[in-house]
Amino acid sequence: MDERNQSTITEFLLLGFGNLHNFKILVFTLFLIVHIMALKANFLVIVLVGVTQSLHSPMYFFLSQLSLSEILYTGNIVPNLLWLILVGEGRVSVVRCLAQFYFLLSVPTIAQCLLLAAMSFDRHVAICKPLHYASIMTFTHQLQMVASCWLLGFILSLLVYIFLNRLIFCGPNTINHFYCDIAPLLRLSCSSTSSVELVTAIVAFPVILSPFMLIAVTYISIIRTILKIPSSIGRHKAFSTCSSHLIVVCVYYGTLSSIYIFPPRDNSINLNKGLSVLYTLVTPLFNPLIYSLRNQEIRDAIFKYIQSWRMGQAL
């Protein structure tokens, strides 16, 4: 039978976390607090980088863009998660589900991977080629790198979305998750998914593997350069400038690979949901905290911001 002649479904049923019984309000409150803290922390990073003269450098400019991608991602996924916790399950149209995957998942995720690679390149130039840093990392070059990250995010995501949008959904419509992701969509399709899987695999290389390989190569070069520094104080200072970024890279790629590259088996769907909560809720809070706690310039900027706010309140 022609797949187009089959009865197609128009909406999916998101199961969320099911019935949490007496823990519903507790989980909702905890997730809401973490979500608000994550949004405030990332907004604060963007504001501080914009208004603080000492933070007008490539590293912090890239960091502000990383915070923007976190806001776009978690700011659209978590509200739906909170709603599902309260109501137990919810329905979403197929069109909206595919759009959510494109705009809210693919674009920010791809942009984050590429931004992390751009930040590693910035640290490589700063430590390995300090005399050429100003001439290489010009403001124009920074804008070009950031624009390329976002543009590639939109283009590569659009490529997957075009093929995903051609799938036919005519059977079960239940997604045992709290957002629309590509894996459950492929499982629910009653048409061939080979083209989508092929395009996704092709896109995955420049999105995940290429940035990771660039980060690995740059940090090998950075570590070799740091080890050549004669004084221990100089080595500590050099490594401290990139340690925050390295921690964020490990956390980000660790959770990303757990969900997409080495996902749990179907019978471990609850583990997959837990990892997704970590990726969408906790990591966006973790990243700005790591940078603020380990970076003296950001701590000083936060202190000055609080002081100016208090003075304004007093007036």
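Note: the structure precedes this text.
Here is a short report on the structure shown in this document. (Residues numbered from 1 in each chain as written. Predicted model: local features only at pLDDT ≥ 70, side-chain atom pairs only at ≥ 80, totals over all residues. Heavy atoms only, no water.)

Moving on to the layout of surface pockets. Considering only enclosed or pocket space, the second largest pocket measures out at about 220 Å³ in volume. Taken together, 11 residues make up the lining of the second largest pocket; nearest its centre are Y60, T241, N295, Q296 and E297. Of all elements in the fold, only helix 2 (58-87), helix 8 (232-261), helix 9 (269-294) and helix 10 (296-314) reach the threshold of two or more residues within the lining of the second largest pocket. Among the elements that line the lining of the second largest pocket, the one with the most residues is helix 8, at 4 residues. (1 Å grid on protein atoms, 1.4 Å probe; cavity = no way out; pocket = protein on both sides within 12 Å on 5 of 7 lines; lining within 4 Å. Points joined across faces, edges and corners; volume = space filled by probe spheres on them. Helix = DSSP H or I, 4+ residues; strand = E, 2+ residues; numbered from the N terminus.)

Glancing now at the nonpolar core. Counting residues in each nonpolar core, the largest one holds 86 residues, and the members touching the most others are F12, F62, L63, L116, L164, L185 and Y253. Element by element, the count of residues in this core is highest for helix 3 (residues 94-128), at 18 residues. If sequence neighbours within four positions are ignored, L164 has contacts with L98, F101, I182, L185, L186 and V196. (Core = buried A, V, L, I, M, F, W, Y, C linked by side-chain atoms within 4.5 Å. Buried < 20%, exposed > 50% of the residue type's maximum accessible area, 1.4 Å probe, protein only. Contact = heavy atoms within 4.5 Å.)

As a further point, take the sheet that holds strand 2 (residues 90-93). Ordered by their spatial adjacency, 3 strands build an open sheet running 2-1-3, and the pairing between neighbours is mixed. Both outer strands of the open sheet, strand 2 and strand 3 (174-175), are each paired with one neighbouring strand and no more. Here strand 1 (residues 11-14) runs beside strand 2; their pairing, made up of 4 bridges, is antiparallel. Note that in strand 2 the partner of F12 across the bridge is V92. (Pairing = 2+ DSSP bridges.)

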